[in-house]
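Observations on the three-dimensional arrangement
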Amino acid sequence: MNKVFKNADDAIHDVTDRMTLLLGGFGLCGLPENCITAIVKKGVSELTCISNNAGVDDFGIGLMLKQRQVKKMIASYVGENAEFERQLLSGELEVELIPQGTLATRCMAAGYGMPAIFTPAGIGTEVAIGKEVRSFNGKDYLMEMAFDADFAIVKAWKGDTMGNLIYRATARNFNPVMAMAGKITIAEVEELVEPGELDPDQIHTPGIYVHRIFEGVDYEKRIEQRTVAPPKLSPEARS
Amino acid sequence: MLDKTGIAKRIAKEIKDGYYVNLGIGIPTLVANYIPADMDVVLQSENGLLGMGPFPFEGEEDADLINAGKQTITMLPGSAIFDSAMSFGMIRARKVNLTILGAMEVSENGDIANWKIPGKMVKGMGGAMDLVASAENIIVAMQHVNKAGESKLLPQCTLPLTGVNCVKKIVTELAVLDVLPGGGFKLLERAPGISVEEIKNATVGKLIIEGEIPEMEI
């Protein structure tokens with residue numbers, strides 16, 4: 001079993017036109033930066049991308065949008081991106097907006113081998129149009145299908161050569177559920193270690209879900225909204 | 001009349017010791033500043049954090065640690081991190097005691113619209129549809145009228161809905177109102193200096209006024 005790839009270019013070598021990709025991250029946090037750069041370089045097109053957000057103009061999925069590589073975007077929130085807006089309004093880009101919990105749980109269902117889930121999110125709204133509604137204990141639920149994606153591309157903090165993954169802080173977000181949901185899952189990690197170096201009790205994604213892994217380089221980890229507290233006052237300054 | 005801070009202060013009085021609370025973007029975020037220090041309240045951020053702390057000091061920002069509004073934040077002793085599916089699992093399973101969010105319109109039967117204005121750029125619903133569909137207790141923080149001067153408390157929402165029959169309470173710059181299970185906005189409190197007449201004039205949906213309406217204490 002060899003899951004280790006040299007770099008992002010190698011790991012995504014067989015991503016081709018018209019494929020469906022699950023991309024981890026929330027906003028710009030926990031994004032598979034190396035793989036996105038490699039996909040932009042490879043120039044594949046007409047992709048369907050499933051991700052919570054669509055990046056910003058010059059970072060994240062925004063980079064793929066700029067190269068017109070995305071045919072359809074499935075996301076829960078897509079603000080903060082002028083190029084996205086332009087392509088949407090001109091009809092170049094197809095967009096399906098779905099509730100964030102529905103997005104996460106459709107990934108989870110795929111990873112748990114369940115064809116569909118039932119959620120109350122979207123009942124009575126335009127999200128429910130054309131979907132089956134079932135009533136359980138007097139409350140209505142929408143049937144939402146598990147995702148069926150060619151690749152899941154995720155970012156973790158640490159991983160081992162067996163594909164076991166550990167995430168850090170809120171960079172975890174969609175990464176573990178997407179890692180479980182791809183036909184082929186590619187994980188890029190900040191630090192790749194040998195088996196035995198990660199505590200089995202601390203593993204977030206067991207390696208069985210991960211088909212390819214590599215140590216990424218040059219993480220920018222851009223901050224979208226830098227918010228800070230007022231400066232700490234020294235005791236002298238306070239008095 | 002209340003300013004945004006006033007609305008946040010009044011809503012903070014609805015929070016009880018031991019609550020797990022999800023705060024939306026905008027005025028709801030300000031509520032965190034007015035939770036009494038002697039109360040144990042845990043803030044949930046739906047991108048995967050329980051125990052959201054204040055903004056970091058300059059130089060201590062961590063790109064891996066943000067809230068649902070994508071702002072840099074901190075964790076507190078006892079914080080917990082989880083993935084997005086579990087985050088909405090705890091919301092759907094009603095483990096979160098209170099959800100506070102903004103709205104463009106609320107109807108007298110508790111429908112809420114806050115994610116889309118047709119013909120304008122659509123940004124998406126994010127986690128709002130999941131939250132309103134499952135939360136046991138939803139308080140809406142919003143202005144009583146929109147920028148065009150039209151009431152946001154209506155018989156029926158005119159904008160695309162986020163959820164139906166879900167809003168329990170509304171706090172605006174003018175008033176505190178309950179949304180009754182059978183329909184209608186029951187006036188509970190007036191903002192300082194605001195008359196019942198002014199609230200009537202700003203409310204198009206069915207307004208229920210019983211007895212003397214006290215001025216709110218903040």
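Above this text is the structure in question.
My aim in this report is to walk through the structure given alongside it, one point at a time. Just so it is clear, the structure is predicted and the values come from calculations on it, not from any experiment.

Some remarks on the overall build of chain B
The number of helices and strands found in chain B is five helices and 13 strands. For a compact globule of 218 residues, the expected C-alpha radius of gyration is about 17 Å, and chain B comes in at 17 Å, within 12% of that figure. Its C-alpha atoms put chain B at 50 × 40 × 30 Å along the principal axes. Taking all 218 residues of chain B together, the buried fraction comes to 57%. Put simply, 61% of the contacts in chain B that link residues at least 6 apart link residues at least 24 apart. For chain B, the exposed surface amounts to about 9300 Å²; the carbon and sulfur share of it is 51%. Of note, chain B has its 20 positive side-chain charges centred 6 Å away from the centre of its 27 negative side-chain charges.

Details of the overall build of chain A
Of regular secondary structure, chain A possesses seven helices and 11 strands. For 239 residues, the compact-globule estimate of 2.2 N^0.38 gives 18 Å, and the C-alpha radius of gyration of chain A, at 19 Å, lies within 12% of that figure. On the principal axes, the C-alpha backbone points of chain A span a range of 60 × 55 × 45 Å. Partitioning the contacts of chain A with sequence separation of at least 6, the portion at a separation of at least 24 is 70%. Of the roughly 10400 Å² of accessible surface on chain A, a fraction of 50% belongs to carbon and sulfur atoms. Between the averaged position of the 25 positive side-chain charges in chain A and that of its 33 negative side-chain charges there is a distance of 1 Å.

What about helix α2 (residues 33-42) of chain A?
For an α-helix, 3.6 residues make a turn, and residues three or four places apart therefore share a direction. Residues of α2(A) that are buried: E33(A), N34(A), C35(A), I36(A), A38(A) and I39(A). Positive backbone phi, at 75 degrees, marks G43(A), one or two positions downstream of α2(A).

Concerning the sheet that holds strand β6 (residues 105-107) of chain B
All names here are of chain B. Pairing is mixed across the open sheet formed by three strands, whose spatial order is β7-β6-β9. The sheet terminates laterally at β7 (112-113) and β9 (153-154), the two strands that pair on one side only. Both β6 and β7 contribute to a ladder of two bridges, which runs antiparallel. When the sheet's bridge partners are listed, V106 is paired in β7 with I112.

Observations regarding the packing of helix α5 (residues 100-111) of chain A against helix α3 (residues 84-92) of chain B
Contact geometry of α5(A) with α3(B) gives a least axis separation of 8 Å together with a crossing angle of 120 degrees. In terms of axis orientation, α5(A) runs oblique to α3(B). Note on packing geometry: the crossing formed by α5(A) with α3(B) is left-handed. Contact residues: Q100(A), G101(A), A104(A), T105(A) and M108(A) in α5(A); S84(B), A85(B), F88(B) and R92(B) in α3(B). Of the residues contributing to the contact of α5(A) with α3(B), the split by class is four nonpolar, four polar and one charged.

Points about the pairing of strand β4 (residues 94-97) of chain A
All names here are of chain A. Where strand β3 (residues 70-75) meets β4, four bridges bridge the pair, whose relative direction is parallel. Bridge pairing in β4 places M73 opposite V95. Regarding topology, helix α4 (residues 82-89) serves as the crossover connection from β3 to the parallel β4, and that connection is right-handed.

Considering the interface of chain B and chain A
Each side of the interface is counted separately: chain B has 48 residues, and chain A has 52 residues. Here chain B meets chain A over a buried area of about 4100 Å², counting both sides, of which 61% is carbon and sulfur. The three residues of chain B that bury the most area against chain A are D64(B), K70(B) and M121(B), which together make up 19% of that side's buried surface. The interface formed by chain B and chain A includes five salt bridges. A salt bridge links R168(A) to D62(B); the nearest nitrogen and oxygen atoms lie 2.6 Å apart. Where chain B meets chain A, there are 24 residue pairs in polar contact (both at pLDDT 80 or more). Mapped by element, the contributors of at least two residues to the side of chain B that touches chain A are β4 (75-81), α3 and α4 (128-134) of chain B.

Re unusual backbone geometry
Residues and elements named next belong to chain A. Of note, the phi angle at N137 is positive, near 50 degrees, even though the residue is not glycine. Mapped onto the elements of the fold, N137 is located in the loop between β6 (133-136) and β7 (139-145). Not every positive phi belongs to a glycine, and A169 is a case in point at roughly 50 degrees. Residue A169 is classed as buried on the basis of its relative accessible area of 14%.

Notes on the pattern of salt bridges
Applying the stated criterion across every chain yields a total of 27 salt bridges over all chains. With a closest N to O distance of 2.6 Å, E126(A) and K116(B) form a salt bridge. Remark: K116(B) occurs in the loop between β7 and α4 and E126(A) occurs in the loop between β5 (116-119) and β6; the pair is interchain, linking two chains. The partner of D64(B) in a salt bridge is R168(A), and the shortest N-O contact between them spans 2.7 Å. In this pair, D64(B) sits in the loop between β3 (49-52) and β4 while R168(A) sits in the loop between β9 (165-166) and α6 (175-179), so the two residues belong to two different chains. Taking the relative accessible area as the measure of exposure, D64(B) reaches 2% and is therefore buried. A network of salt bridges, in which partner residues are shared, links K155(A), R168(A), E190(A), K221(A), D62(B) and D64(B).

Focus: helix α1 (residues 4-12) of chain B
If you check which residues of α1(B) are buried, you get G6(B), I7(B), A8(B), R10(B), I11(B) and A12(B). Packed against the buried residues of α1(B) are α2 (27-31), β5 (98-101), β8 (138-141), β10 (169-171), β11 (175-179) and β12 (185-190) of chain B.

Parameters at a glance
Numbering of residues begins from 1 in every chain and follows the order in which that chain's sequence is written. All chains are assigned letters beginning at A, and all ligands numbers beginning at 1, according to the order in which they are written. Where local features are concerned, this predicted model is filtered to residues with pLDDT of at least 70; where side-chain atom pairs are given and counted, the filter is 80 or more; whole-chain, interface and lining totals use all residues. Water and hydrogen atoms were dropped before computing side-chain values, which therefore reflect all heavy atoms in the structure. Going along the chain from the N terminus, every DSSP run of H or I of four or more residues is numbered as a helix, and every run of E of two or more is numbered as a strand. For the radius of gyration, the atom set is restricted to C-alpha positions; the globular benchmark scales as 2.2 Å times the number of residues to the power 0.38. Residue exposure (1.4 Å probe, protein chains only): buried if accessible area is under 20% of the type maximum, exposed if over 50%, otherwise partly exposed. Should any heavy atoms of two residues lie within 4.5 Å, those residues are counted as being in contact. Accessible areas in this description were obtained via Shrake-Rupley with a 1.4 Å probe; residue shielding takes into account the shown protein chains only. A residue counts as positive if it is Lys or Arg and as negative if it is Asp or Glu; His and the chain ends are not included. Charge positions are represented by NZ for Lys, CZ for Arg, CG for Asp and CD for Glu. Here, any two strands with at least 2 DSSP bridges between them count as paired. Fitting a line to C-alpha atoms yields each axis, with helices limited to the stretch in contact; the angle taken between N-to-C directions then spans 0 to 180 degrees. Geometric relationships in this document are graded by angle, where less than 35 degrees denotes roughly parallel, more than 145 denotes roughly antiparallel, 65 to 115 denotes roughly perpendicular, and other angles denote oblique. Rotating anticlockwise by less than a right angle from the far helix to the near helix defines a left-handed crossing, while the corresponding clockwise rotation defines a right-handed one. For this scheme, ten residues count as nonpolar: Ala, Val, Leu, Ile, Met, Phe, Trp, Tyr, Cys and Pro. Four count as charged, namely Asp, Glu, Lys and Arg, and the remainder, Gly too, count as polar. The definition of a right-handed crossover adopted here requires that, viewed with the strands pointing away, the path from the first strand over the helix to the second runs clockwise. The term buried area refers to how much accessible surface (probe radius 1.4 Å) is lost by two components on association, counted for both of them together. Salt bridge, as applied in this entry: a Lys or Arg side-chain nitrogen positioned within 4 Å of an Asp or Glu carboxyl oxygen. Think of a polar contact as two N or O atoms within 3.5 Å of one another; within protein, one of them needs to be a possible hydrogen donor and the other a possible acceptor, and neighboring residues in sequence only count if both atoms come from side chains.

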